[in-house]
Amino acid sequence: MSSSTQEAQRQEDTHSEPLLSIQNLKKYYPITKGMFQRHVGDVKAVDDVSVDIYPGETHGLVGESGCGKSTLLETIIGLKSPTDGEVLFRGTPLTELSQSEVQDLRKEIQIVFQNPDSSLNSRMTVERIVSEPLQIHSNATSRQITARVLELIHEVGLNTEHLTRFPHELSGGQKQRVAIARALATNPSLVVLDEPTSALDVSVQSQILNMLDRLKEEHNLTYIFVTHDLSVVRHIADRISVMYLGNVVERAPVNDLFETPRHPYTKALLSAVPVPDPDYDATEDIVLSGDVPDPSEPPNGCRFHPRCPIATEDCKEGFPEFEAHGETLVRCIRVDEGRGHTESTN
Ligand SMILES: Nc1ncnc2c1ncn2[C@@H]1O[C@H](COP(=O)(O)OP(=O)(O)OP(=O)(O)O)[C@@H](O)[C@H]1O
Ligand SMILES: [Mg+2]
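Each value, and the rule that gives it
Residues numbered from 1 in each chain as written. Chains lettered and ligands numbered in written order. Predicted model: local features only at pLDDT ≥ 70, side-chain atom pairs only at ≥ 80, totals over all residues. Heavy atoms only, no water. Disulfide = S-S within 2.5 Å. Buried < 20%, exposed > 50% of the residue type's maximum accessible area, 1.4 Å probe, protein only. Pairing = 2+ DSSP bridges. Helix = DSSP H or I, 4+ residues; strand = E, 2+ residues; numbered from the N terminus. Contact = heavy atoms within 4.5 Å. Axes fitted to C-alpha atoms, helices over the stretch in contact; angles between N-to-C directions. Core = buried A, V, L, I, M, F, W, Y, C linked by side-chain atoms within 4.5 Å. Near = heavy atom within 4 Å. Polar contact = N/O pair within 3.5 Å; in protein donor to acceptor, adjacent residues only side chain to side chain. Areas by Shrake-Rupley, 256 points an atom, 1.4 Å probe, with all protein chains shown as cover. Nonpolar A, V, L, I, M, F, W, Y, C, P; charged D, E, K, R; others polar.

Undergrad: Residues and numbers for the state of the cysteines, please.
TA: Enumeration according to the criterion identifies zero disulfides in this entry. Here Cys308 is not disulfide-linked; the sulfur of Cys332 is the nearest cysteine sulfur, at 6.1 Å. No disulfide involves Cys315; its nearest neighbouring cysteine sulfur is the one of Cys302, lying 6.2 Å away. Residue Cys315 is classed as buried on the basis of its relative accessible area of 7%.

What follows is the structure in structure tokens.
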């Protein structure tokens, strides 16, 4: 049974149909050389990722810089075309949508980027920024649009006085609130958030996270939330996919991931999070050695093996399929040994 079939079966009892189904998705960036742009290789930014996103969940996507998180999001929402694989929204492959269905989909899936300075048009007022998607995607009258913009602005904690301001007249947190209001304008069902709080002060971060939590409930939203900050994802996610070098290596409900991380890479990521506990035993920590390998020449076998503290010769042989351990799916042939390794250092 393939890993995605296994996962689908496992989810069947507990969930409804997936809202979004990512199937064996690949996104390669070609590397060219010379005057004639000869194709000499590919950056394998996303290399065979499958995951189902269920209505109402917040799916966290974590991993080191360069592991393909943004590329995955941008391919899902159609900003980039996939090299291979498929994305289905409510069961329909995006490639089979008609022109008008693509327009509808643009309303259903919205994105919030990390940096509002580059995602908000600096020459538009807040009112124009938030009303633009309504002008494009709805037949509402200008009076209705004005009323809706006001409603959205209040929902994200801003008020009438902000409407006439330009982005440079707002704080970082206020700008991100505007970006969120704009994303909500078309009543989406899925919002993908690419590091939405990492450019903000810590105090503002938690305000925005709490607001996102509230908006999710009020608008029946589903989130895919990308972050490199594990404390943020612990706060907001229901399930988490851990990415390494273009692949997902572990997927688990949030508590399982933090309480019983299984993949050595997940353990290493969690080890890097400071623990505010004086009795905490840091000898269990796994410290990653070496750099992330070049994604144009990923290692054979398990992609993580050159940096893995418990890798054996077998790990150089093939990339393992997902295996279920309780509700956790993990791609590692050394999972059980990994647990022994951690315990033996106690
Ligand atoms: N337009 C592009 N052309 C060529 N390579 C690219 C392009 N965009 C991204 N890449 C490469 O693809 C890989 C994945 O990049 P991506 O931006 O998706 O990673 P990320 O996980 O979002 O990283 P970060 O945490 O730093 O945002 C990296 O090796 C990156 O250099
Ligand atoms: Mg990114």
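From this point, the narrative continues.
Undergrad: I'd like a description of the sheet that holds strand S2 (residues 38-53), backed by residues and values.
TA: The four strands lie next to each other as S2-S1-S4-S5, forming an open sheet whose pairing is antiparallel. Looking at the sheet topology across the chains shown, the edges are occupied by S2 and strand S5 (92-93). Bridging between strand S4 (residues 84-89) and S5 involves two bridges; their strand directions are antiparallel. Bridge pairing in S5 links Leu88 to Pro93. Relative to strand S1 (residues 20-33), helix H2 (residues 69-76) is tilted by about 115°, and along the sheet it contacts S1, S2 and S4.

Undergrad: Summarise the pairing of strand S7 (residues 190-194); cite the residues concerned and give the values.
TA: Most of S7 is tucked away: five of the five residues are buried. The side-chain alternation of S7 yields two buried faces, one formed by Leu190, Val192 and Asp194 and the other by Val191 and Leu193. With four bridges connecting them, strand S6 (residues 109-112) and S7 associate as parallel partners. Directly across from Ile111, in S7, lies its bridge partner Val192. One ladder, built from five bridges, connects S7 with strand S8 (residues 222-226); its direction is parallel.

Undergrad: Please give an account of the nonpolar core that cites residues and values.
TA: Across soluble globular proteins, nonpolar side chains show a tendency to be buried alongside one another. Val130, Val178, Ile180 and Leu212 are the most contacted members of the largest nonpolar core, which has 35 residues in total. For this core, the secondary structure elements donating two or more residues are helix H5 (126-137), helix H6 (142-155), helix H7 (172-184), S7, helix H8 (202-219), S8 and helix H9 (230-236). In terms of residue count, H7 provides more of this core than any other element does, six residues in total. Beyond its immediate chain neighbours, meaning those up to four positions away, Ile180 contacts Val112, Val156, Ile208, Met211, Leu212 and Leu215. Counting 28 residues, the second-largest nonpolar core is a separate cluster that includes Cys67, Ile224, Val226 and Met243.

Undergrad: How would you summarise the site of ligand 1 if you had to cite specific residues and measurements?
TA: Contacts to ligand 1 come from Tyr29, Val43, Ala45, Glu64, Ser65, Gly66, Cys67, Gly68, Lys69, Ser70, Thr71 and Pro295. Interatomic distance of 3.5 Å between a side-chain N/O atom of Tyr29 and a nitrogen atom of ligand 1. Note that an oxygen atom of ligand 1 is positioned 2.8 Å from one of the backbone N or O atoms of Gly66. Expressed as a share of its isolated accessible area of 640 Å², the protein-covered part of ligand 1 is 61%. Ranked by residues supplied to the shell around ligand 1, first place goes to H2 with three residues. Of the residues that constitute the shell around ligand 1, the class distribution is five nonpolar, five polar and two charged.

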